[in-house]
Amino acid sequence: MKRIELTPRLRAVADLVPAGARLADVGTDHAYLPAWLLQQGLIARAIVSDLRAGPLSRARETAAACGLEDRMDFRLCDGLSGISPGEADTVVIAGMGGETIAAILAAAPWTRREGVHLVLQPMSTQKELRQWLQESGYRIVLERLAREGETFYNILSVEPGPMPPLTRGELWAGRQDLRDPQTGPYLDQELRRAARIGEGLRRSETRLSRDRLERLELLIRELNEMKKEWEHGHGN
Ligand SMILES: C[S@@+](CC[C@H](N)C(=O)[O-])C[C@H]1O[C@@H](n2cnc3c(N)ncnc32)[C@H](O)[C@@H]1O
């Protein structure tokens, strides 16, 4: 029987799934995440869904190789459209763009009902996703980082409800755990990204780029403050 090993990214996602969750893994592809959670005995069943038939058949192959076919429920559907409210209390949406994740949640207002827990792992447009969540009745409970080589991944644990507004820096980089040793290198990476955007804006002479540069400089100041707070906690 095949044993599933998770990459650091998927392992960090799995760590935020509560034991005993009634899980829906949206955009599951190979279904490695639910297969691992089932093999660890952390969940009893999972709904696994994908927009496309190819990935869903890969999910079936994983389930067959692991002997988990009768513990996974396969759904071919867009986002949560084929999953009824009440069928799942924990929804994972991982490995997709932030705007796609927001669109999937916007189309399923039941994800804002009390008792629903979301674990989101956007591959891009993280800032837009955080902004959308805070404007749409969701609360980011915590954020985690996972690192694979030079790439950092953001993982958000989200529940319905209001949250204190995120600052410019938190919208950009998340409200990260300042005790996590990965947070400093992650903030350095984000500072370099902001600096590169700043160089481009400085070369352009338009009024719009000057306004954007001013906002970017405020952001860089905030990211530096977050970095200093992290250093303080790490004895630097
Ligand atoms: C890069 S894979 C991520 C697989 C897995 N969740 C992970 O994190 O490793 C993205 C998957 O999302 C699926 N997908 C994209 N848009 C979707 C949507 N609107 N609804 C459901 N699945 C979607 C794709 O077909 C693909 O299988």
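Each value, and the rule that gives it
Residues numbered from 1 in each chain as written. Predicted model: local features only at pLDDT ≥ 70, side-chain atom pairs only at ≥ 80, totals over all residues. Heavy atoms only, no water. Helix = DSSP H or I, 4+ residues; strand = E, 2+ residues; numbered from the N terminus. Rg over C-alpha atoms; globule rule 2.2 N^0.38 Å. Buried < 20%, exposed > 50% of the residue type's maximum accessible area, 1.4 Å probe, protein only. Contact = heavy atoms within 4.5 Å. Areas by Shrake-Rupley, 256 points an atom, 1.4 Å probe, with all protein chains shown as cover. Phe/Tyr/Trp six-rings, centres within 6.5 Å; stacked < 30°, edge-to-face > 60°. Polar contact = N/O pair within 3.5 Å; in protein donor to acceptor, adjacent residues only side chain to side chain. Near = heavy atom within 4 Å.

Trainee: What's the story with the overall build of the protein chain in this structure? I'm lost.
Mentor: Secondary structure summary: the protein chain contains 8 helices and 7 strands in total. Here the C-alpha atoms of the protein chain give a radius of gyration of 19 Å, agreeing with the 18 Å that 2.2 N^0.38 yields for 236 residues. Counting only C-alpha atoms, the protein chain reaches 60 × 40 × 30 Å along its principal axes. When burial is assessed residue by residue, the protein chain has 47% of its 236 residues classed as buried. Contacts in the protein chain between residues at least 24 apart in sequence constitute 67% of all its contacts with a sequence separation of at least 6. As displayed, the protein chain has an accessible area near 11,900 Å², and 49% of this comes from carbon and sulfur atoms.

Trainee: How do you make sense of the packing of aromatic side chains when you look at a structure like this?
Mentor: Two numbers describe a pair of aromatic rings. These are the distance of the centres and the angle of the planes. All told, the structure shown has 2 aromatic pairs when counted by the stated rule. Ring geometry for tryptophan 132 versus tyrosine 138: centroids 5.5 Å apart, planes at 35°, classification tilted. Across the pair, exposure class does not vary: tryptophan 132 and tyrosine 138 are buried alike. Between phenylalanine 152 and tyrosine 186, the aromatic rings sit 5.6 Å apart at their centres with planes inclined by 70°, giving edge-to-face as the arrangement. Of this pair, phenylalanine 152 sits in strand β7 (residues 151-160) while tyrosine 186 is found in helix α7 (residues 183-203), placing the two residues 34 residues apart along the sequence.

Trainee: For this particular structure, what's the right way to read the side chain of glutamate 143?
Mentor: Note on placement: glutamate 143 falls in strand β6 (residues 138-148). The class of glutamate 143 is buried, set by a relative accessible area of 4%. Within the structure, the side chain of glutamate 143 is placed 2.8 Å from the side chain of arginine 130, a separation counted as a polar contact. At 3.3 Å, the side chain of glutamate 143 and the side chain of glutamine 176 are in polar contact. Once residues lying within four places of it in the same chain are set aside, the contact partners of glutamate 143 are Arg130, Asn154, Ile155, Leu156, Gly174, Arg175, Gln176 and Asp177.

Trainee: When you look at the site of the ligand in this model, what are you seeing that I'm missing?
Mentor: Residues in contact with the ligand amount to 16 residues; listed here are only the nearest, Arg9, Gly27, Asp50, Asp78 and Gly79. With respect to the ligand, the backbone of glycine 79 contributes an N or O atom lying 2.7 Å from a nitrogen atom. Backbone polar atom of alanine 94 to a nitrogen atom of the ligand: 3.0 Å apart, as the coordinates give it. A total of 600 Å² of accessible area belongs to the ligand in isolation, and the protein chains cover 80% of it.

Trainee: I would appreciate a short explanation of unusual backbone geometry in the present structure.
Mentor: The phi angle of most residues is negative, glycine excepted, and most peptide bonds adopt the trans form. Positive phi, close to 55°, is recorded for aspartate 29, a residue that is not glycine. Classification of aspartate 29 by relative accessible area gives partly exposed; the value is 27%. For alanine 31, which is not glycine, the phi dihedral falls at a positive 60°.

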